[in-house]
Amino acid sequence: MNPQTTPAATPPDTAFATPWGTFELTRFPEDPRERLRAWDAADEYLLRHLAGEADSAAGAATGLAGRTVAVLGDRWGALTTALADHRPFQITDSHLGRRATLANLARAGAAVDESRLLTTRDTPPERIDVLLVRVPKSLALLEDQLHRFAPALHEDTVVIGTGMVTEIHTSTLRLFERILGPTRTSLAARKARLIFCTPDRALDPGPNPWPHRYALPPDIGPVSGRTVVNHAGTFCADRLDIGTRFLLAHLPVPAPGARVVDLGCGNGVVGTAAALAGPGAELVFVDESHQAVASAEETFRTNLGPDAAAEFLTADALAADAVAPGSVDLVLNNPPFHSHQATTDATARRMFTGAKRALRPGGELWVVGNRHLGYHVKLRRLFGNCQLVAGNPKFVVLRAVKR
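Overview of the structure.

Calculation rules
Residues numbered from 1 in each chain as written. Predicted model: local features only at pLDDT ≥ 70, side-chain atom pairs only at ≥ 80, totals over all residues. Heavy atoms only, no water. Helix = DSSP H or I, 4+ residues; strand = E, 2+ residues; numbered from the N terminus. Buried < 20%, exposed > 50% of the residue type's maximum accessible area, 1.4 Å probe, protein only. Contact = heavy atoms within 4.5 Å. Pairing = 2+ DSSP bridges. Axes fitted to C-alpha atoms, helices over the stretch in contact; angles between N-to-C directions.

A separate point is the environment of V229. Along the chain, V229 falls in strand β11 (residues 227-230). Of the residues examined, V229 reaches a relative accessible area of 0% and is grouped as buried. C-alpha of V229 to C-alpha of L365: the two residues are 136 residues apart in sequence and 26 Å apart in space. Residue contacts for V229: discarding those within four places in its chain leaves P211, H212, R213, N267, S295, E298, T299 and T302.

Quick look at the structure:
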């Protein structure tokens, strides 16, 4: 592997300096207006510790040569790219993160072995000698993944977590300690901290509590009282969020034969409601989270039967390589206004743009969102029209038609 130095024309926030060289890293999809980096101080701290350069109260460098290395939760591939010579397994819930990793590895001139780029739904490696954990925002996802990886660890496995100080709480450390073994933290450096855990093979953490199932409340239309399945990390895994509830109260009934997309499907409750309301509709569930798509499929099949026809896609919004342009009649969307810890409307903009591309002439996009986000302005600019279907002091349901 040949670490790539950054040319003078490259914006400085794409040059990631590590003990293994300097790499040009970007998020996915690449956007020249993007000012958020593809790494942070937590990634830097972990790599400096592995190289023996960090004063983290843990001493010497961690030997990686000849050892099976797994990187859990690497957000944009910064850790996987820097350690590419050691052929680490990467485990991510994010389709966007995986795409960023592939692009960053290729840009660095690293050999790409896609069989080592796993999702949170894949079977973990049988044996792991070094487990590096980028602490996720979701404590539930961390709990689920530690349960899944515990059998692959042995008494000599090195386990190191990393995160910003604001991401590591007492509850985070308790999860490591309860599921894997004795745990301690490093000193903080540039508002980042490391977690050191010693696997205890005699420890019995009990069963993995995920996925979680619950019954939906009454008076929300076709899915009233129905069962929802949530894998760890899925948005609102223990309750129905109020935005989705508002959309369900005003959900359009799909025409027979209509192709309907639940975009950013989460646990799939909106698409499942559409399928129950319009039995002849063809449903497509799309999310960038592997955990969400698995949740949506189980929710759908729990309520419509194991043989009910539907598509389940892990993809970036409605990218042309996922859903053919002009092939959809109705898109239902509750867009997130945060992405990988950052508050941004970039995801909503991509969803709206992808929906317009995927819709047939006359097709409709229905959106629920917080009133203050001003989605009506974006939709009117993109579609040339936007109708207020319903509103309350907090939320609006909007309808845009492709002309």
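This is not the end of the story, as more comes after the structure.
Spatial strand order, β14-β13-β12-β15-β18-β20-β19: 7 strands in an open sheet with mixed pairing. The open sheet terminates on both sides in strands that have one partner only, identified here as β14 (310-314) and β19 (387-391). Across this sheet, the average inter-strand angle for adjacent strands is 15 degrees, counted without regard to direction. In the sheet, strand β12 (residues 259-263) pairs with strand β15 (residues 328-333) via 4 bridges, with the strands oriented parallel. Bridge pairing in β15 links V260 to L330. Where helix α7 (residues 269-277) meets the sheet, its contacts fall on β12, β13 (282-287) and β15, and the angle it forms with β13 comes to roughly 175 degrees. In the packing of helix α9 (residues 346-358) onto the sheet, the strands contacted are β12, β15 and β18 (359-370), and the crossing angle to β18 comes to about 160 degrees.

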